[in-house]
Amino acid sequence: MSQISGFSKLSKLQKIDWLTTHYLSDYPKAKTIIKQYWNTDEALQKLHDEFTENTISNYYLPLGIAPNFNIDDKLYAIPMAIEESSVIAAASKAAKFWLDKGGFNTKILGTTKVGHVHFNYYGDSKQLEEFFKNIKTQFFAATTSITRNMEKRGGGIKDIQLIDKTGDLENYYQLYCTFETVDAMGANFINSCLEQFGQTLEAEARADKALAAEGTFPEVIMCILSNYVPECLVRAEVSCPVAELGETKAEAEQFVKKFSRAIKIAEIEPYRAVTHNKGIMNGIDAVVLATGNDFRAVEAGVHAYAARKGHYSSLTHVRVENGIFRFWIEVPLALGTIGGLTSLHPLVKLSMAMLNHPSAEELMRIAAVAGIAQNFAAVNSLVTTGIQKGHMKMHLMNILNQFEANETERTKAIEYFKTNTVTHSEVIHLLEKMRS
């Protein structure tokens, strides 16, 4: 192991030389592997290099397609970037299942995003409230140069409120600020506004005679957006007569009974809910990543929303009334279709074109549908055949590749596992038998 100063100032080749010398000296193929993943188009590779810092190569994920999604009476083929076996197959299966049953119906419940100016104040709260009322318009006035273009697109600052949080943390207050960012995810816009709010707060406080007489002023700690966006919410739903969920009435009723019970378990049992929601995020994250959005922000916000009532719970819900099966999800998704990678990454631009250049609201609908489709497929498998049957068949190719199976071995293995259970040990046993 070795320390280094000025690493970021080295060229890419110098960084690779240092890395392979000090950390990969026992890995002779390291340089070859790193360079294998470079794009042969130098301009395109330079674009990728500049997406982040200290780039040495590209890290590939499969970009797949899940077709046959009927969303609000429009047909979509959804791009999904994900490495996990069976996710795209499961989503596609769910899409086809619901295709002739009315498809997926969605509704945008809100698009408001939130940011805060967090600050300390050691004086009288009533004095602070009066001060805030007097200067509230100054926050809007001070940010006109930042908000001008956003306002032209129909967005901007919605409101600014003073929140007293001293009951939770001594001397702690915040400006709770709401924004509409239209088709932009809006992180840079929101943070720029918030930082100006913080400067305005401190400047106006220093000029306020009442606060000066009291001898204490607001002390800004930080200004930052929140990735918790419970008011940037989308709903996606499927429904059909119970009778359509089985070959016979008895089979359909049994399926609905077990499926509903599985959802109820995920609503009350956090151990199950975490895995249940992880499956939902398999679908959502894959769309978010394929469209150049921030899946880490989405994950954080979604899981916070799942715990908003004081315990972690399922994001999907089910109800059966008057012979109609209804299954839905409500999920917060702060997504953008302009700015960031959406205008830079060639595959992101291709994904957006594939979706017919959606607005941010349309992308919210599509991502939510990918999540509920994935969840329906997963729970369907769990309460019928079991999750491993389909998953391990999809995983078979990964195991065969791991042991460098040739075409003859692959063909025989695929045929064998059409009627036998796929397990890691059984695949190894079969390969050893063929090779002996």
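The structure this text deals with has already been given above.
Residues numbered from 1 in each chain as written. Predicted model: local features only at pLDDT ≥ 70, side-chain atom pairs only at ≥ 80, totals over all residues. Heavy atoms only, no water.

Side note on the side chain of Thr-143
Here comes step 1: For Thr-143, the position within the fold is in the loop between α5 (125-142) and α6 (144-152).
Here comes step 2: Exposure remark for Thr-143: the relative accessible area of 0% places this residue in the buried category.
Here comes step 3: One polar contact links the side chain of Thr-143 to the main-chain carbonyl oxygen of Phe-139, over a distance of 3.0 Å.
Here comes step 4: Ignoring anything within four residues of it in the chain, the contact list for Thr-143 reads Ile-157, Cys-193, Gln-196 and Phe-197. (Helix = DSSP H or I, 4+ residues; strand = E, 2+ residues; numbered from the N terminus. Buried < 20%, exposed > 50% of the residue type's maximum accessible area, 1.4 Å probe, protein only. Polar contact = N/O pair within 3.5 Å; in protein donor to acceptor, adjacent residues only side chain to side chain. Contact = heavy atoms within 4.5 Å.)

Points about the packing of helix α4 (residues 87-99) against helix α13 (residues 360-382)
Here comes step 1: At a minimum axis distance of 8 Å, the contact between α4 and α13 shows a crossing angle of 95°. Here α13 runs roughly perpendicular to α4, going by the angle between their axes. The segment α4 lies against α13, with Val-87, Ala-90, Ala-91, Ala-94, Phe-97 and Trp-98 engaging Ala-373, Gln-374, Phe-376 and Ala-377.
Here comes step 2: Here the contact of α4 with α13 is built from residues that sort into nine nonpolar, one polar and no charged. (Axes fitted to C-alpha atoms, helices over the stretch in contact; angles between N-to-C directions. Parallel < 35°, antiparallel > 145°, perpendicular 65-115°, else oblique. Nonpolar A, V, L, I, M, F, W, Y, C, P; charged D, E, K, R; others polar.)

A short note on empty space enclosed by the protein
Here comes step 1: A complete count under the given rule lists two cavities of 30 Å³ or more for this structure.
Here comes step 2: Considered as a void within the structure, the largest cavity measures approximately 50 Å³ in volume.
Here comes step 3: What lines the largest cavity is Met-185, Asn-227, Val-229, Ala-297, Val-298, Gly-301, Val-302, Pro-332 and Ala-334.
Here comes step 4: Counting residues per element, the lining of the largest cavity draws most heavily on helix α11 (residues 295-306), at four residues.
Here comes step 5: If you add up the space inside the second largest cavity, you get close to 30 Å³.
Here comes step 6: Lining of the second largest cavity is provided by Lys-113, Val-114, Met-185, Ile-190, Leu-225, Ser-226, Val-229 and Ala-334.
Here comes step 7: Tallied by class, the residues present in the lining of the second largest cavity amount to six nonpolar, one polar and one charged. (1 Å grid on protein atoms, 1.4 Å probe; cavity = no way out; pocket = protein on both sides within 12 Å on 5 of 7 lines; lining within 4 Å. Points joined across faces, edges and corners; volume = space filled by probe spheres on them.)

With respect to the layout of surface pockets
The probe, sized like a water molecule, is rolled over the atoms to show the empty space still left.
Here comes step 1: Approximately 1,400 Å³ is the volume found for the largest pocket.
Here comes step 2: In terms of residue count, the dominant contributor to the lining of the largest pocket is helix α12 (residues 346-354) (four residues).
Here comes step 3: Grouping the amino acids of the lining of the largest pocket by side-chain chemistry returns 23 nonpolar, 19 polar and three charged.

Looking at the sheet that holds strand β5 (residues 156-164)
Here comes step 1: Spatially, the four strands line up as an open sheet ordered β5-β6-β4-β7, and their pairing is antiparallel. The outermost strands of the open sheet, each flanked by one partner alone, are β5 and β7 (219-225). The mean angle between the axes of side-by-side strands here comes to 20°, regardless of whether they run parallel or antiparallel.
Here comes step 2: Here six bridges tie strand β4 (residues 113-120) to β7, and the two strands are oriented antiparallel to one another. Note that in β7 the partner of Phe-119 across the bridge is Val-220.
Here comes step 3: The strands touched by α5 within the sheet are β4, β5 and β6 (172-180), with β5 carrying the most contacts at an inclination of about 170°.
Here comes step 4: Sheet strands in contact with helix α7 (residues 187-206) are β4, β5, β6 and β7, and its direction is about 165° off that of β7. (Pairing = 2+ DSSP bridges.)

Quick notes on the environment of Ile-78
Here comes step 1: With respect to the secondary-structure elements, Ile-78 resides in strand β2 (residues 74-81).
Here comes step 2: A relative accessible area of 0% means that Ile-78 is categorised as buried.
Here comes step 3: Between the alpha carbons of Ile-78 and Arg-261 there is a distance of 30 Å; along the sequence they are 183 residues apart.
Here comes step 4: Dropping the residues within four chain positions of it, Ile-78 is found in contact with Gly-64, Ile-65, Ala-66, Phe-69, Ile-71, Val-287, Leu-355 and Ile-366.

Some remarks on the packing of aromatic side chains
Here comes step 1: On inspection of all chains with the given rule, the structure shows 22 aromatic pairs.
Here comes step 2: With 5.7 Å between their ring centres and 75° between their planes, Phe-139 and Phe-197 make a pair best called edge-to-face. On the criterion of sequence distance, the pair formed by Phe-139 in helix α5 and Phe-197 in helix α7 is long-range, its members being 58 residues apart.
Here comes step 3: Ring centres of Phe-327 and Phe-376 lie 6.2 Å apart, and the angle between their planes is 50°; on these two criteria the pair is classed as tilted. In this pair, Phe-327 sits in strand β10 (residues 324-332) while Phe-376 sits in helix α13, placing the two residues 49 residues apart along the sequence. Each member of the pair, Phe-327 as well as Phe-376, is classed as buried.
Here comes step 4: Its guanidinium or amino end placed over the ring of Tyr-305, Arg-308 lies 3.8 Å from that ring's centre, counting from NZ or CZ.
Here comes step 5: Its end group placed over the ring of Trp-328, Arg-326 keeps NZ or CZ at 4.9 Å from the ring centre. (Phe/Tyr/Trp six-rings, centres within 6.5 Å; stacked < 30°, edge-to-face > 60°. Lys NZ or Arg CZ within 6 Å of the ring centre and 35° of its normal.)

Comments concerning the environment of Glu-84
Here comes step 1: Looking at where Glu-84 falls in the secondary structure, it is placed in the loop between β2 and α4.
Here comes step 2: A relative accessible area of 28% means that Glu-84 is categorised as partly exposed.
Here comes step 3: Linking Glu-84 and Leu-61, residues 23 residues apart in sequence, is a C-alpha distance of 9.8 Å.
Here comes step 4: In this structure the side chain of Glu-84 is engaged in a polar contact, spanning 2.7 Å, whose partner is the side chain of Lys-278.

Considering the side chain of Thr-316
Here comes step 1: Summarising the element assignment, Thr-316 is placed in strand β9 (residues 316-321).
Here comes step 2: Within the structure, the side chain of Thr-316 is placed 2.8 Å from the side chain of Asn-375, a separation counted as a polar contact.
Here comes step 3: Those residues in contact with Thr-316 that lie beyond four places of it in its chain are Ile-263, Glu-267, His-276, Ile-280, Phe-327, Trp-328, Ile-329, Ile-372 and Asn-375.

Things to note about the state of the cysteines
Here comes step 1: Under the defined criterion, the tally for this structure stands at zero disulfides.
Here comes step 2: Between Cys-177, a free cysteine, and Cys-223, which holds the nearest cysteine sulfur, the sulfur-to-sulfur gap is 8.8 Å. (Disulfide = S-S within 2.5 Å.)

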